[in-house]
Amino acid sequence: YVSSRWALRGLHEALRMDLVGTGLQSCHVVLGKVSSEYFERNPDSEAYIPGIASVIPVSTPDQAAAVVVSAIERPRAQILRPFTLLAFRWLQVVAPWLVRWFVVLTGAKHPTR
């Protein structure tokens, strides 16, 4: 999952550069957890969400759709929602070591061999 998210971010950045001067734009929409059927259909996946993410409010599908609509109506390079996710992004810019520490501390634990 994380690899695909980074790939999507890379695709977005490449598109932004390729689309300069065309009148088209790319917007990278980053959402926190959305209350959808995803976790019902993938029950083990929730165990891999770092515990620190519990401070980020869960969005409804309608709230997620509203963010996408706002990106279409008012294009910008990146949208992070909810606000708590944006705050974590700024913390990652200022103190990446601290964010890594929190994610590792509260993340999924893998058994040692």
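The structure presented is a predicted model; accordingly, all values stated were derived computationally and were not measured.

1. Details of the overall build of the chain
Part 1 of the reasoning: Along the backbone of the chain there are five helices and two strands.
Part 2 of the reasoning: Along the chain, helices and strands appear, N-terminal first, in the series α-β-α-α-β-α-α.
Part 3 of the reasoning: Along the three orthogonal principal directions, the C-alpha set of the chain runs to about 55 × 30 × 25 Å.
Part 4 of the reasoning: Taking all 113 residues of the chain together, 19% fall into the buried category.

2. Digging into the packing of aromatic side chains
Part 1 of the reasoning: Counted according to the given criterion, the structure contains two aromatic pairs.
Part 2 of the reasoning: Geometry around F39 places K33 over its ring, the cationic atom sitting 4.6 Å from the centre.

3. Points about unusual backbone geometry
Part 1 of the reasoning: Along the chain, R81 connects to P82 via a cis peptide bond; the corresponding omega equals 0°.
Part 2 of the reasoning: Here P82 lies in the loop between β2 (78–81) and α4 (83–94).

4. Looking at a nonpolar patch on the surface
Part 1 of the reasoning: On the surface, L8, L11 and L15 cluster together to form a nonpolar patch covering roughly 250 Å² of accessible area.
Part 2 of the reasoning: With respect to the element layout, L15 can be found in helix α1 (residues 2–18).
Part 3 of the reasoning: Among the residues examined, L15 registers a relative accessible area of 33% and is labelled partly exposed.

5. Some details on the side chain of H28
Part 1 of the reasoning: In this fold, H28 is placed in strand β1 (residues 28–31).
Part 2 of the reasoning: Given the relative accessible area of 7%, H28 is considered buried.
Part 3 of the reasoning: Excluding residues that lie within four positions of it along the chain, H28 makes contacts with R9, H12, A77, Q78 and I79.

6. With respect to the pairing of β1
Every other side chain in a regular strand lies on the same face of the sheet, so the side chains alternate between the two faces.
Part 1 of the reasoning: With burial as the criterion, only one face of β1 is covered, namely that bearing H28 and V30; the residues V29 and L31 on the opposite face remain uncovered.
Part 2 of the reasoning: Two elements, β1 and β2, share four bridges in a ladder whose sense is parallel. Directly across from H28, in β2, lies its bridge partner Q78.

7. Looking at the environment of R9
Part 1 of the reasoning: Looking at the element boundaries, R9 is found in helix α1.
Part 2 of the reasoning: Look at R9 and you get partly exposed, because its relative accessible area is 26%.
Part 3 of the reasoning: Each C-alpha atom, one on R9 and one on R89, is 14 Å from the other, the two residues being 80 residues apart in sequence.
Part 4 of the reasoning: When residues no more than four places from it in sequence are discounted, the contact partners of R9 are H28 and R89.

8. Points about the pattern of salt bridges
Pairs may arise between side chains of opposite charge once their charged atoms sit close together.
Part 1 of the reasoning: A complete count under the given rule lists two salt bridges for this structure.
Part 2 of the reasoning: E46 serves as the salt-bridge partner of K33, at 2.1 Å between the closest nitrogen and oxygen. Taken together, the residues span a long stretch of sequence, with K33 in the loop between β1 and α2 (38–41) and E46 in the loop between α2 and α3 (61–73) at a distance of 13 residues.
Part 3 of the reasoning: In this structure E46 comes out as partly exposed when scored by relative accessible area, which is 34%.
Part 4 of the reasoning: Here R41 ties to E37 by a salt bridge, and the two come within 2.6 Å at their closest N and O atoms.

Definitions and limits used
Residues numbered from 1 in each chain as written. Predicted model: local features only at pLDDT ≥ 70, side-chain atom pairs only at ≥ 80, totals over all residues. Heavy atoms only, no water. Helix = DSSP H or I, 4+ residues; strand = E, 2+ residues; numbered from the N terminus. Buried < 20%, exposed > 50% of the residue type's maximum accessible area, 1.4 Å probe, protein only. Phe/Tyr/Trp six-rings, centres within 6.5 Å; stacked < 30°, edge-to-face > 60°. Lys NZ or Arg CZ within 6 Å of the ring centre and 35° of its normal. Patch = residues over 30% accessible without salt bridge, like charges linked within 9 Å, V, L, I, M, F, W, Y side chains within 5 Å. Areas by Shrake-Rupley, 256 points an atom, 1.4 Å probe, with all protein chains shown as cover. Salt bridge = Lys/Arg side-chain N within 4 Å of Asp/Glu carboxyl O. Contact = heavy atoms within 4.5 Å. Pairing = 2+ DSSP bridges.

Limitation: the analysis is restricted to geometry and does not speak to function.
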